[in-house]
Amino acid sequence: MPNRIQEAFAKKGQNLLNVYFTAGYPKLHDTIPLIEALTEAGADLIEIGMPFSDPLADGPVIQQSSSVALANGMNLYVLFEQLQEVRAKVPDTPLLLMGYLNPIMQFGMEKFCQAAAEAGVDGLILPDLPLVEYEEEYQAIFKKYNLQPVFLITPQTAPERIRHMDTLTDAFLYLVSGPGTTGGANTQAEGVQEAYFERIADMKLRNPRLIGFGIGDKASFQRAASHAHGAIIGSAFIRALEDTPDAPAAAKRFVSSILN
Amino acid sequence: MSTSTTSAFQPNARGYYGEFGGAFIPEMLYPNVEELREQYLQILAEPEFQAEYQLLLRDYVGRPTPLFEAKRLSARYNTRIYLKREDLCHTGAHKVNNTVGQILLAKRLGKTRIIAETGAGQHGVATATVCALMGLECIVYMGKTDTERQKPNVERMRLLGAKVVAVTSGSQTLKDATNEAIRDWISNPVDTHYIIGSVVGPHPYPDLVARLQSVISEEMRKQLLEKVGRELPDYVVACVGGGSNAAGAFYHFLDEPSVQLVAVEAAGHGIHSGHSAATSVLGTPGIIHGSRTLLMQDEHGQITEPYSISAGLDYPGIGPLHAYLGSSGRARFISIEDEDALTAVAECSRLEGIIPALETAHALAALGQLGAGPEDVVVINLSGRGDKDLETYMKYADKLK
């Protein structure tokens, strides 16, 4: 039986929009209202960031939102409590949890996967969980709870490694657009990025591909989506939530500015 | 430098010392770290590398550093104390042993751009120094708080041609400087080598840095044989922040169970004061900077900010080797409070005419707790000199009387 992520790709095929936000930002209890608003406005997948004090793969915007979320009192216990009601309100949109390993290790990996599965989460993006550790330590637990791992691919990732990642998931592959952390500008020479996207497209992988890092507006979304099945927006969305009195309304405006 | 791989205290193929170590890095860093992992042992063993490294250690760093019999300190503690004078290395601390080795490694990997993190600035200066020597671009990440409290080292790095980036994210200290250096490496995946300054970070860094620092204990064994007629002391004592000088001082004694290894951490205002850096006591297993080790964190796995009067010891983790040495009982951990470290600064200065760095003073302050007898030979790794801490020593002049 296909999972929600596969169903979303099967239904839409291309131009899928995956939006990231940091749980607990801008306010502790914005999580569910933001997921509802993003879904209503047309986001195809939603990545819920689990804030961490030292997010190595993230740029300043997501680090700052994480600091605010932690100061607001966000943690995994609070998050899973909030997510108890999410599937009653948003039954179909694929939900992924994104975050770093250390808070999960303190919570307990099996307990974490069980809580995620019970909340109706479909996939996990854990950038500092390396492939070898995943396969040797955690794959069995992910499978037990039917959670899909999402692996990151960069321009430097070797083809055989990409093919191997492709066999380990039934979700999508996350193409990091170029060198840098989240929210950075594309500084690559013209054509370099396209050549990389096309090289991966030509591999005819089993899983669909989403492009992320440095995608922030309609133009960059459309450009990225044209080389894959869609794209991921994070930092630009976090910026749109800054200083807003009404986060759900800002979320709807933001998604609409990308899709319409 | 060691090229042996037979010890029980060597990491396994995935970089684990027991349950500690590994390489928990995002995919963006995988090619760089993997390249290093595949090549470091081979490059370190090459005769040309060894020739160049040994020559620089001798003529540039000033090795071997003396092993000095500290007679007045010995009389004070009624035991036989020897000081391994790493403070006499070029740039004033042991840090340069590692940067000389890593810059040669970086050149062999074809890298043209060097990045580093620094807390007190000693590793930053040691990195800027070798980059100047080799004509390579150098960028040093330093927490903004640290740039303010260690101004002379900032100026030294600039004078050596390095670019110093003041890090304003997070707590603006060593932990955040390390985060920013890692982010730089993610953004520059092809031409850049990251010279980590301690036995921390993803495999193979803890092992690479330990091997490059192991010259300290290699020399100790030879010098002890000459001076006391036996290669093995009864105690080796070193301070631990991340743990690079301790790793180097312990390295060739790891498999000698008669040698007591003593790692000295900074207790700050007191272990349970909430202002401490005693990771072996306060830390729990987790992941920091790509390594599974002991680290200071809250119940939710958020990394907490350590405190020590010494900028070189206020790191919230320890290297995975040290986590293993502690948990396996091979090394004994002692923690020393700020005040006792300051007392040790005064004592070593007055009794031996040697002004130690604040970090090193923690190791000296442990002398009273060792339980060493009159015939025991105690080697203290005198990891750095105190010039950089003069401002702190002036501030606490009343405590140094």
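Since the structure is predicted, the reported quantities are computational estimates derived from the model, not experimental observations.

Trainee: Got a sec to walk through the overall build of chain A? Specific residues and values, please.
Mentor: Within chain A one finds 13 helices and nine strands. For 260 residues, the compact-globule estimate of 2.2 N^0.38 gives 18 Å, and chain A sits close to it at 17 Å. The proportion of buried residues among the 260 residues of chain A is 62%. Once local pairs closer than 6 in sequence are excluded, the contacts in chain A between residues at least 24 apart make up 74%. Total accessible area computed for chain A in this model is approximately 10000 Å², and 50% of it derives from carbon and sulfur atoms. Averaging the positions of the 20 positive and the 30 negative side-chain charges in chain A gives two centres separated by 5 Å.

Trainee: If you had to explain helix 2 (residues 47-61) of chain B to someone new, which residues and values would you point to?
Mentor: Residues and elements named next belong to chain B. Taking 1.5 Å of rise per residue, 15 residues should cover 21 Å, and helix 2 covers 20 Å from first to last C-alpha, within 8% of that figure. Turning to helix 2, its buried residues number three or more, namely Phe-49, Gln-50, Tyr-53, Leu-56, Leu-57 and Val-61. Looking straight down helix 2, one finds its buried side chains confined to an arc of 135 degrees; they lie on one side. Those residues of helix 2 that are exposed and angled more than 90 degrees off the buried face are Pro-47, Glu-48, Arg-58 and Asp-59.

Trainee: Break down the nonpolar core for me, with residues and values.
Mentor: In terms of nonpolar packing, the biggest core is built from 194 residues, with Leu83(A), Leu97(A), Phe112(A) and Phe172(A) touching the most fellow members. The residue makeup of this core includes at least three contributed by each of domain 1 (17-59 + 95-202) and domain 2 (62-92 + 205-399) of chain B. For Leu83(A), the residues in contact, after removing those within four places along its chain, are Thr31(A), Ile32(A), Ile35(A), Ile48(A), Leu97(A), Ala119(A) and Val121(A). Membership of the second largest hydrophobic core comes to 38 residues, among which are Leu73(B), Val264(B), Ala346(B) and Val378(B).

Trainee: Explain the sheet that holds strand 1 (residues 16-22) of chain A to me, and be specific about the residues and the numbers.
Mentor: All names here are of chain A. Sheet architecture is open: nine strands sit in the order 5-4-3-2-1-9-8-7-6, paired in parallel fashion. If you trace the sheet from one side to the other, it starts and ends with strand 5 (148-149) and strand 6 (152-153), each paired once. The pairing of strand 1 with strand 2 (residues 45-49) spans five bridges and is classified as parallel. Opposite Phe-21, over in strand 2, you have Ile-48 as the bridge partner.

Trainee: Requested: an account of the interface of chain B and chain A, with residues and values cited.
Mentor: How big an interface is tends to be stated in terms of the accessible area lost upon association of its parts. Facing 35 residues of chain B, the contacting portion of chain A comprises 35 residues. Of the roughly 2800 Å² buried between chain B and chain A on both sides combined, carbon and sulfur atoms contribute 55%. When the area that chain B buries against chain A is broken down by residue, the three leading residues are Arg14(B), Glu27(B) and Arg183(B), summing to 23%. Between chain B and chain A we count five salt bridges in total. Summed over the shared surface of chain B and chain A, the number is 21 residue pairs in polar contact (both at pLDDT 80 or more).

Trainee: Just give me the short version of the UniProt feature "domain: Tryptophan synthase beta chain-like PALP" (unreviewed entry) in chain B, but keep the residues and values in it.
Mentor: Residues annotated by UniProt as "domain: Tryptophan synthase beta chain-like PALP" (unreviewed entry) correspond here to residues 62-384 of chain B. Within the segment residues 62-384 of chain B, helix and strand shares are 40% and 21% respectively, and the terminal C-alpha atoms sit 14 Å apart.

Trainee: Any chance you could break down the side chain of Asp389(B) for me, citing the residues and the numbers?
Mentor: Assignment of secondary structure puts Asp389(B) in the loop between strand 14 (377-382) and helix 16 (390-395). Every residue in contact with Asp389(B), bar those within four places of it in the chain, is listed here: Ala357(B), Leu358(B) and Glu359(B).

Definitions and cut-offs
Residues numbered from 1 in each chain as written. Chains lettered and ligands numbered in written order. Predicted model: local features only at pLDDT ≥ 70, side-chain atom pairs only at ≥ 80, totals over all residues. Heavy atoms only, no water. Helix = DSSP H or I, 4+ residues; strand = E, 2+ residues; numbered from the N terminus. Rg over C-alpha atoms; globule rule 2.2 N^0.38 Å. Buried < 20%, exposed > 50% of the residue type's maximum accessible area, 1.4 Å probe, protein only. Contact = heavy atoms within 4.5 Å. Areas by Shrake-Rupley, 256 points an atom, 1.4 Å probe, with all protein chains shown as cover. Lys, Arg positive; Asp, Glu negative; His and termini not counted. Charge placed at Lys NZ, Arg CZ, Asp CG, Glu CD. Expected span 1.5 Å × (residues − 1). Arc of directions from axis to C-beta. Core = buried A, V, L, I, M, F, W, Y, C linked by side-chain atoms within 4.5 Å. Domains from an automatic or database assignment. Pairing = 2+ DSSP bridges. Buried area = accessible area lost by both parts, 1.4 Å probe. Salt bridge = Lys/Arg side-chain N within 4 Å of Asp/Glu carboxyl O. Polar contact = N/O pair within 3.5 Å; in protein donor to acceptor, adjacent residues only side chain to side chain. UniProt positions renumbered as here; feature names shortened; annotations may be inferred.

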